[in-house]
Amino acid sequence: MNTYTFSLNGFDDLSCQIMPAQLDVIRPYLSSNWVLCNEDQSVDLRIGIEGRSKAPNDDALNIMLTNELRFLSQGEFELPLRVFTLLDLLNYADSRLSAEPEVGLVSMAEWIVGLAQEGSGSLYVHNNTQTFICAQDKVLRTNASDKTELVELIFNSDDADWKKSEDVSILKPSLELPIASLLWSLGLKEHRYAAQKWNRPDALYRLLSWPQLGHWESTAPMFRLSSLYGRKAATVKTGMMVSGLNAEEVCTFLHACSVSGLRVKVENEEADTVTQPPIDASLSVLQAFKAKLGL
């Protein structure tokens, strides 16, 4: 069994006092052995609270508690932490810390991008389900029942599972899906690939256009990441501090932006040297906001 250390950042006195007892209660159900340390010690995991915690200055896994975090089975947290919330949190952190780096990962979202670039009418059929996909301009035609079904099928397959076809007679009837929306949803599922490709500690990323979060799958942290990377070039670590997400989730956001057609630029200069183009003062508030978004 692995042994990991963790500390609390921004918690109230009562939470800190009862944490050792809570840890003893859940210890038999933990995947690894966890040791609570002081805030100033070097640890494997730092647990903070959004809006209360200081920015970490080391390489520890940093988890900021927000009500959007997916590992919380209750869907929300309160202080002092409930023992089941602590159990979920530590087992989630264990899965992140113990994960072995994977080689040879592929992105099916990037494969779809390549398919669309082949030209209008590129038709592929899945070997087992006979589901077809056909890129036409900015639309993907398919006989899948809906986007969710198609995203799951593509995500759980690889390019060898799809065979190119010339039988255009199978295209009717078909469902038409915007390729950008499909790629956004597919990219958000490719966590491990995204972490492998985008988690470059010294790289500064900037969005040259914003995702359509009002129409696409979105969460509150994604809006914060869109604002951050849309305003200036920033590192993955800065994205973690702004959003409360972990590195893999920030990388997944950048990956989804990239594959869905939003340009993600890697800056080599300092973030504060990147400036926004001037906005015409004669424009209305709505017009100025649209101009800033490039609409």
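For the structure, check the block above.
Residues numbered from 1 in each chain as written. Predicted model: local features only at pLDDT ≥ 70, side-chain atom pairs only at ≥ 80, totals over all residues. Heavy atoms only, no water.

**Student:** Which residues make up the sheet that holds strand β9 (residues 175–178), and what values go with them?
**Tutor:** Here we have five strands laid out as an open sheet, ordered β8-β5-β6-β7-β9, and antiparallel in their pairing. Edge positions in the sheet fall to β8 (162–164) and β9, since each of these pairs with one other strand and no more. Each strand axis lies, on average, 25° off the axis of its neighbour in the sheet, ignoring direction. Helix α3 (residues 108–117) rests against β5 (122–126), β6 (132–136) and β8 of the sheet, and its axis sits at about 55° to β6. Running at roughly 70° to β9, helix α5 (residues 179–187) makes contact with β6, β7 (139–142) and β9 of the sheet. (Pairing = 2+ DSSP bridges. Helix = DSSP H or I, 4+ residues; strand = E, 2+ residues; numbered from the N terminus. Axes fitted to C-alpha atoms, helices over the stretch in contact; angles between N-to-C directions. Contact = heavy atoms within 4.5 Å.)

**Student:** Would you mind going over the sheet that holds strand β2 (residues 33–36) in detail, with residue names and values included?
**Tutor:** Here we have four strands laid out as an open sheet, ordered β2-β1-β3-β4, and parallel in their pairing. What marks the edges here is a single partner per strand, and that holds for β2 and β4 (61–65). Geometrically, the sheet is characterised by an average inter-axis angle of 30° between neighbouring strands, direction not taken into account. Where strand β1 (residues 3–9) lies against strand β3 (residues 45–49), four bridges are found, and the strand directions are parallel. Note on β3: the bridge partner recorded for Asn-9 is Gly-48.

**Student:** An account of the pairing of β3 is needed here, citing residue identities and associated values.
**Tutor:** Where burial is concerned, most of β3 is hidden: five out of the five residues are buried. The alternating pattern of β3 places Leu-45, Ile-47 and Ile-49 and Arg-46 and Gly-48 on opposite faces, both of which are buried. Of the strand pairs in this sheet, β3 and β4 are connected by five bridges, and their pairing is parallel. Note that in β4 the partner of Leu-45 across the bridge is Leu-61. (Buried < 20%, exposed > 50% of the residue type's maximum accessible area, 1.4 Å probe, protein only.)

**Student:** Can you tell me about the nonpolar core, naming the residues and giving the values?
**Tutor:** Counting 26 residues, the largest nonpolar core has Trp-184, Tyr-205, Tyr-229, Val-236, Phe-253 and Leu-254 as its most contacted members. Here this core gets seven residues from one element, more than from any other, and that element is helix α9 (residues 247–259). Contact partners of Trp-184, with chain neighbours within four places excluded, come to Pro-211, Leu-213, Trp-216, Glu-217, Met-222, Phe-253, Ala-256, Cys-257 and Ser-260. Membership of the second largest hydrophobic core comes to 23 residues, among which are Phe-11, Ile-47, Leu-65 and Leu-90. (Core = buried A, V, L, I, M, F, W, Y, C linked by side-chain atoms within 4.5 Å.)

**Student:** Got a sec to walk through the packing of helix α1 (residues 13–26) against helix α2 (residues 83–98)? Specific residues and values, please.
**Tutor:** Closest axis-to-axis distance for the α1/α2 pair is 10 Å, and the angle between their directions is 70°. In terms of orientation, α1 lies roughly perpendicular with respect to α2. Of the residues in α2, those touching α1 at Met-19, Gln-22, Leu-23 and Ile-26 are Val-83, Leu-86, Leu-87 and Leu-90. Per-class residue counts for the contact of α1 with α2 are seven nonpolar, one polar and no charged. (Parallel < 35°, antiparallel > 145°, perpendicular 65-115°, else oblique. Nonpolar A, V, L, I, M, F, W, Y, C, P; charged D, E, K, R; others polar.)

**Student:** An account of the packing of aromatic side chains is requested, with residue identities and associated values reported.
**Tutor:** Applying the stated criterion across every chain, the model contains seven aromatic pairs. Relative to Trp-162, the ring of Trp-111 lies with its centre 6.1 Å away and its plane at 40°, an arrangement referred to as tilted. Taken as a pair, Trp-111 in helix α3 and Trp-162 in strand β8 lie far apart in primary sequence, 51 residues in all. Owing to a relative accessible area of 18%, Trp-111 belongs among the buried residues under this scheme. Judged by relative accessible area, which is 5%, Trp-162 ranks as buried. (Phe/Tyr/Trp six-rings, centres within 6.5 Å; stacked < 30°, edge-to-face > 60°.)

**Student:** Explain the pattern of salt bridges residue by residue, including any values.
**Tutor:** Within this structure, the stated rule accounts for three salt bridges. We note a salt bridge from Arg-27 to Asp-24, for which the minimum N-O separation is 3.5 Å. A relative accessible area of 30% means that Arg-27 is categorised as partly exposed. (Salt bridge = Lys/Arg side-chain N within 4 Å of Asp/Glu carboxyl O.)

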